[in-house]
Amino acid sequence: MTIWRDKIDPKITTLMMRMAKSQIDFGVKEIVVDHTKIRKKRRELLLTGQAKKPVALFGSLESHEKAINCCQKCPLGETRTKFVYGVGNPHAGIMFVGEAPGRDEDLKGEPFVGRAGQLLDKILAAINFKRGDVYIANILKCRPPENRDPQPAEMELCLPHLMEQINIIRPKIICALGRISAQALLKTSTPLSKLRLRWHEFNHIPFIVTYHPAALLRFPDYKKDCWEDVKMLRAKYDQLIAEKM
Ligand code: URA
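Residues numbered from 1 in each chain as written. Predicted model: local features only at pLDDT ≥ 70, side-chain atom pairs only at ≥ 80, totals over all residues.

## A word on the overall build of the protein chain
Right, so step 1: The helix and strand tally for the protein chain stands at 12 helices and six strands.
Right, so step 2: For the protein chain, the proportion of its 245 residues judged to be buried stands at 35%.
Right, so step 3: If you take every contact in the protein chain between residues at least 6 apart in sequence, the share linking residues at least 24 apart comes to 72%. (Helix = DSSP H or I, 4+ residues; strand = E, 2+ residues; numbered from the N terminus. Buried ≥ 20, exposed ≤ 12 C-beta atoms within 10 Å, placed from the backbone. Contact = placed C-beta atoms within 7 Å.)

Structure follows, in structure tokens:
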């Protein structure tokens, strides 16, 4: 870090150091420094007095994906076919977070494209959204072999990628799909049944939990509970939009 100090505008040193450090933590090989963005962000933080709010370190999802899609921070980097970054509207009001790519997702490089994904599309349609209206990502960006559950160490290493996606998109609502995603983000071991049907907060963002679509394929009786969850989600979204108008 010290070798760059003399090349950095002293007024932006702290923020730049923070950005560079986070990028190193993300595992990027080349540090991306966008001076215009840093100045804009710094001004914004100072003017609004919100310096403690999470700040996106990349200017766009594309630049973030480009920087991390060769990630080898855990052994899943070796076994994946494709890095599964995320899909959808970069300005989405709602972000859905699943667990990890499965076989179909690993081959295509896109989350939720298999049977569970088709069901997710139907759930979205039931509350009047299309896949392109929302943003969909996973806790893990690479497929665990044989679709086993993500391991805690893998999730810990991969979570900064998701955090940055959240900071870039700044959704109004996050919906965790399934126990693994809900527990990982809320840092709890509370069972899914006790996390549903109420609002949580994740980094000041309203956060709701529902069943993973794959669980609904196995246990169709849970679909009516999922319907209750997503109705709550839609109502909250409409309320937040109305409050802004
Ligand atoms: N299950 C997940 O959690 N994510 C996917 O992308 C596909 C299946």
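## A closer look at helix α9 (residues 179-186)
Right, so step 1: With six of eight residues buried, α9 is to be regarded as a mostly interior element.
Right, so step 2: Within α9 the residues assigned to the buried category are R179, I180, S181, A182, A184 and L185.
Right, so step 3: Close packing links the buried residues of α9 with β2 (94-98), α8 (152-169), β4 (173-177), α10 (192-195), β5 (200-202) and β6 (205-210).

## What about the pairing of β6?
Right, so step 1: As judged from the four bridges shared by β4 and β6, these two strands associate in the parallel manner. Note on β6: the bridge partner recorded for L177 is T210.
Right, so step 2: In the sheet, β5 pairs with β6 via three bridges, with the strands oriented antiparallel. When the bridges of β6 are listed, H200 appears paired with F207.
Right, so step 3: Taken together, β5 and the strand that follows it, β6, pair antiparallel across an intervening segment of two residues, in which N203 is found at a positive phi of about 50 degrees. (Pairing = 2+ DSSP bridges.)

## Section: helix α12 (residues 223-244)
Right, so step 1: An ideal rise of 1.5 Å per residue puts 32 Å on 22 residues; α12 measures up with 32 Å between its terminal C-alpha atoms.
Right, so step 2: Within the sequence span of α12, burial applies to C226, L233 and Y237. Seen end-on, α12 carries its buried residues on one side only, within an arc spanning 35 degrees. Away from its buried face by more than 90 degrees, α12 exposes K224, E228, K231, A235, D238, Q239, A242 and E243.
Right, so step 3: In the core, the buried residues of α12 are packed alongside β2, α7 (115-126), β4, β6 and α11 (213-218). (Expected span 1.5 Å × (residues − 1). Arc of directions from axis to C-beta.)

## As for the nonpolar core
Right, so step 1: Counting residues in each nonpolar core, the largest one holds 45 residues, and the members touching the most others are M95, F96, V97, I139, I174, C175 and A176.
Right, so step 2: Setting aside residues no more than four positions away along its own chain, A176 makes contact with V97, S181, A182, L185, F207 and V209.
Right, so step 3: Formed by five residues, the second largest nonpolar core is a distinct cluster that contains A56, L57, F58 and A67. (Core = buried A, V, L, I, M, F, W, Y, C linked by C-beta atoms within 7 Å.)

## Observations concerning the sheet that holds strand β1 (residues 87-88)
Right, so step 1: With respect to topology, six strands assemble into an open sheet ordered β1-β3-β2-β4-β6-β5, the strand pairing being mixed. Because the sheet does not close on itself, it has two edges, and the strands there are β1 and β5.
Right, so step 2: Two strands pair when backbone bridges link them, and β2 and β4 are joined in this way by four bridges, in the parallel orientation. Residue pairing across strands places V97 opposite A176, the latter belonging to β4.
Right, so step 3: On the sheet, α12 packs against β2, β4 and β6 and is oriented at approximately 165 degrees with respect to β6. (Axes fitted to C-alpha atoms, helices over the stretch in contact; angles between N-to-C directions.)

## Some points on unusual backbone geometry
Right, so step 1: In the Ramachandran plot, F112 falls in the positive-phi region, its phi being about 50 degrees despite a non-glycine side chain.
Right, so step 2: Assignment of secondary structure puts F112 in the loop between α6 (103-108) and α7.

## Regarding the packing of helix α4 (residues 61-68) against α8
How two helices pack is summed up by the angle between their axes together with the distance between the axes.
Right, so step 1: The interhelical angle for the contact between α4 and α8, taken along N-to-C directions, is 165 degrees, at an axis separation of 10 Å. Accordingly, the angle class assigned to the pair α4 and α8 is roughly antiparallel. Here α4 and α8 pass one another in a crossing that is right-handed. Contacts from L61, H64 and I68 of α4 reach α8 at H161, E164, Q165 and I168.
Right, so step 2: The class makeup of the residues in the contact of α4 with α8 is three nonpolar, three polar and one charged. (Parallel < 35°, antiparallel > 145°, perpendicular 65-115°, else oblique. Left-handed = near helix turned anticlockwise from the far one by under 90°. Nonpolar A, V, L, I, M, F, W, Y, C, P; charged D, E, K, R; others polar.)

## Quick look at the confidence of the model for the protein chain
Right, so step 1: Summarising the model, the protein chain shows a mean pLDDT of 89, and 78% of its residues fall at 70 or more.
Right, so step 2: Note that residues 1-5 has pLDDT below 50 and, in this model, two contacts with residues that lie over four places away or in other chains. (pLDDT = per-residue confidence, 0-100.)

## With respect to the pairing of β4
Right, so step 1: Of all five residues making up β4, five are buried, and the element is well covered by its neighbours.
Right, so step 2: Burial along β4 is two-sided: I173, C175 and L177 facing one way and I174 and A176 facing the other are all buried.

## With respect to the environment of K108
Right, so step 1: Position of K108 among the secondary structure elements: in helix α6.
Right, so step 2: Given 16 C-beta atoms within 10 Å, K108 falls into the partly exposed group.
Right, so step 3: The spatial distance from the C-alpha of K108 to the C-alpha of F83 is 9.1 Å, given a sequence separation of 25 residues.
Right, so step 4: The residues touching K108, leaving out its near neighbours within four places in the chain, are K82 and V113.

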